[in-house]
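Topology and contacts: notes
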Amino acid sequence: QYDHYEPSKEEINVPLASSLKTKQDTPKDFWWWLKIALYTVGVLLGQSAALLLGRLYFLKGGNSKWMSSVVQVLGFPVLIPFYIFITMKEGQKGVAIDDEDDDDRKPPSPYTLGAIYASLGLIIGLNCFLYSVGLQNLPVSTYTLLCASQLAFNSFFSYFINGQKFTPFVVNSLVLLTISSVLLVFNKDDTSSSSTAPAISRVKYIIGFLCTLTSSALYGVVLSVTQFVFTRVVKRQTFKQVMEMIITENVVASVVTVVGLFASGEWRSIDREMDAYRLGTVPYLMVLIWIAVFWQMFSIGAVGLIFEVSSLFSNSISAVGLPIVPIMAVFFFNDKMNGIKGVSMALAVWGFVSYVYQYYVDGQKSDKKTLDEASS
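Position labels on residues start from 1 in each chain and follow its written sequence. At least 70 in pLDDT is required for a residue's local features to be given in this predicted model, at least 80 for side-chain atom pairs to be given and counted, and no such filter applies to totals for whole chains, interfaces and linings, which use all residues. Think of the side-chain values as coming from all heavy atoms in the structure, minus any hydrogens and water.

Going by what an unreviewed UniProt entry lists, the protein is known as Probable purine permease and is assigned to Linum tenue. Recorded under Subcellular location (unreviewed entry), the UniProt text for the protein is reproduced unchanged: "Membrane". UniProt positions are given in the numbering used here, feature names are shortened, and annotations may be inferred rather than shown by experiment.

Below, the structure written as structure tokens:
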């Protein structure tokens, strides 16, 4: 079983962009790399499949933004048996982050964690609704490219929350991702009709654009705060905490979205929507169920990467799926891949590569420092 790394007080204050530096000083065993690989697959597969199925829901007759929001978080019961197993296995074991004194080693009270998780759950619930509005009013390729701006927002909020250091490569990435998103505002092809999707009015396109951008900003906040909670509040790092955070946040977000579903009155049209769904009643239910399952797969992978590495690394892995969804959308939904989208995708991928290279530079510096200390 992997022994979690125990950083010193000085290392905790290292800028978040260099978070790999603090963890690369300790050799990683096979099981750690296996966990990172599994988390990465969870993020990429869960995100890609959930987005494509979410767009399929709207294209084939689904019209409830709140129902689309509910299924993004309502799949948390599938995690409960796994959480019970992890709890029985780990017990009360954990690794204190700050070992300065006994008070610092004490875990936070359940009320403190409950308040933090509930607050994040409220943001996630709102975020799900904004994402649904964006996914309903935008082609999935445009929607996915806009989601790349999460990296920029994550860096911005991490600067204030976690001491993010803006290196030239990070700044380059932020500029490229910003330009990539702005270019999509001028993409008029997205409002024209295709063989699989009706024409989108310019007003709905702008609404979808703004909602997706806002949700990306909120997600950047959630990731940055999650990193802060793991390093400064929880103080006992076990996978049990990861599961507790995911389940509690999803419970609160589920309450928010279910209340929205009933308060908006959209629940009254669910029966008619199911009967009129062009793929049939059973496929309608299966689409919603698998959306819920894949979003939970994404949540485990994303929070697991935050736990093992950092929020920026988790968001960067999410951005790896950037080219996957638009390309698949061209084949499945006949989304148009015109010049503007091509340039936007190229800039977004370039921005992501710039981020990854920064991690590589941090890793090289860390290895050199470790070798120098070993030889001295």
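1. Some details on the overall build of the protein
Runs of E in the DSSP output that reach at least two residues are strands. Runs of H or I that reach at least four are helices, and both are numbered from the N terminus. When you go through the protein residue by residue, the secondary structure sums to 17 helices and zero strands. For the protein, the proportion of its 376 residues judged to be buried stands at 54%. Contacts in the protein between residues far apart in sequence, at least 24 positions, make up 86% of those at least 6 positions apart. Each residue is placed in one exposure class: buried if its accessible area under a 1.4 Å probe, protein chains only, is under 20% of its type's maximum, exposed if it is over 50%, and partly exposed if it falls in between. Note on definitions: a residue-residue contact is assigned when non-hydrogen atoms from the two residues lie within 4.5 Å.

2. A look at helix H16 (residues 324-333)
The set of residues buried in H16 consists of Val325, Pro326, Ala329 and Phe333. Down the axis of H16, the sector holding all buried residues measures 95 degrees, keeping them to one side. Positive backbone phi, at 60 degrees, marks Asn334, one or two positions downstream of H16. This arc describes the spread of directions from the helix axis toward the C-beta atoms.

3. Thoughts on the packing of aromatic side chains
Pairing of aromatic rings covers Phe, Tyr and the six-membered ring of Trp, with a centre-to-centre limit of 6.5 Å; geometry is then stacked below 30 degrees between planes, edge-to-face above 60, and tilted otherwise. One pass over the full model with this rule turns up eight aromatic pairs. Relative to Phe58, the ring of Tyr57 has its centre 5.0 Å away and its plane inclined at 65 degrees; by these criteria the two rings are edge-to-face. Judged on exposure class, the residue Tyr57 and its partner Phe58 are both buried. Geometrically, the ring pair formed by Tyr277 and Tyr284 is edge-to-face, given 5.1 Å between the ring centres and 75 degrees between the ring planes. Neither Tyr277 nor Tyr284 differs from the other in exposure class; each is buried. Taken together, the ring pairs connect Tyr57, Phe58, Tyr277 and Tyr284 into an aromatic cluster.

4. Comments concerning the packing of helix H11 (residues 202-234) against helix H14 (residues 281-308)
Helix-helix packing is characterised by the crossing angle of the two axes and by the distance between the axes. Note on geometry: axes are C-alpha line fits, over the in-contact stretch for helices, and angles between N-to-C directions span 0 to 180 degrees. Put simply, H11 and H14 touch, their axes get as near as 9 Å, and they point 50 degrees apart. Taken as axis vectors, H11 and H14 run oblique relative to one another. Regarding H11 and H14, the two cross each other, and that crossing is right-handed. In this structure, H11 uses Tyr219, Leu223, Thr226, Gln227 and Phe230 to contact H14, whose residues at the interface are Phe298, Ala302, Val303, Ile306 and Phe307. Taken together, the residues of the contact of H11 with H14 sort by class into eight nonpolar, two polar and no charged. Note that the term roughly parallel is reserved for angles under 35 degrees, roughly antiparallel for angles over 145, roughly perpendicular for angles of 65 to 115, and oblique for everything else. Here a crossing is taken to be left-handed if its near helix is turned anticlockwise relative to the far helix by less than a right angle, and right-handed if that turn runs clockwise. The nonpolar class holds Ala, Val, Leu, Ile, Met, Phe, Trp, Tyr, Cys and Pro. Asp, Glu, Lys and Arg form the charged class, and all remaining residues, Gly among them, are polar.

5. Details of the side chain of Asn250
Note that Asn250 resides in helix H12 (residues 239-263). For Asn250, a relative accessible area of 6% translates into the label buried. Between N or O atoms, a polar contact is any pair within 3.5 Å; within protein, one atom must be a potential hydrogen donor and the other a potential acceptor, and residues adjacent in sequence are included only when both atoms are from side chains. Separated by 2.6 Å, the side chain of Asn250 and the backbone oxygen of Ile246 make a polar contact. Beyond its immediate chain neighbours, meaning those up to four positions away, Asn250 contacts Gln72, Val73, Phe76 and Gln296.

6. Quick word on the confidence of the model for the protein
For every residue, the pLDDT score states the predictor's confidence, bounded by 0 at the bottom and 100 at the top. Predicted confidence across the protein gives a mean pLDDT of 76, with 73% of residues reaching 70 or more. Segment residues 1-27 is flagged for pLDDT under 50; beyond a separation of four residues in sequence, or across chains, it makes 64 contacts in the model. Below pLDDT 50 for its whole length, residues 92-102 participates in 27 contacts with residues either more than four positions away or in separate chains.

7. Brief notes about the environment of Asn172
Relative to the assigned elements, Asn172 resides in helix H10 (residues 168-183). Taking the C-alpha atoms as reference, Asn172 lies 9.8 Å from Phe352; in sequence the two are 180 residues apart. Discounting residues that sit within four places of it in the chain, Asn172 has contacts with Trp350 and Ser354.

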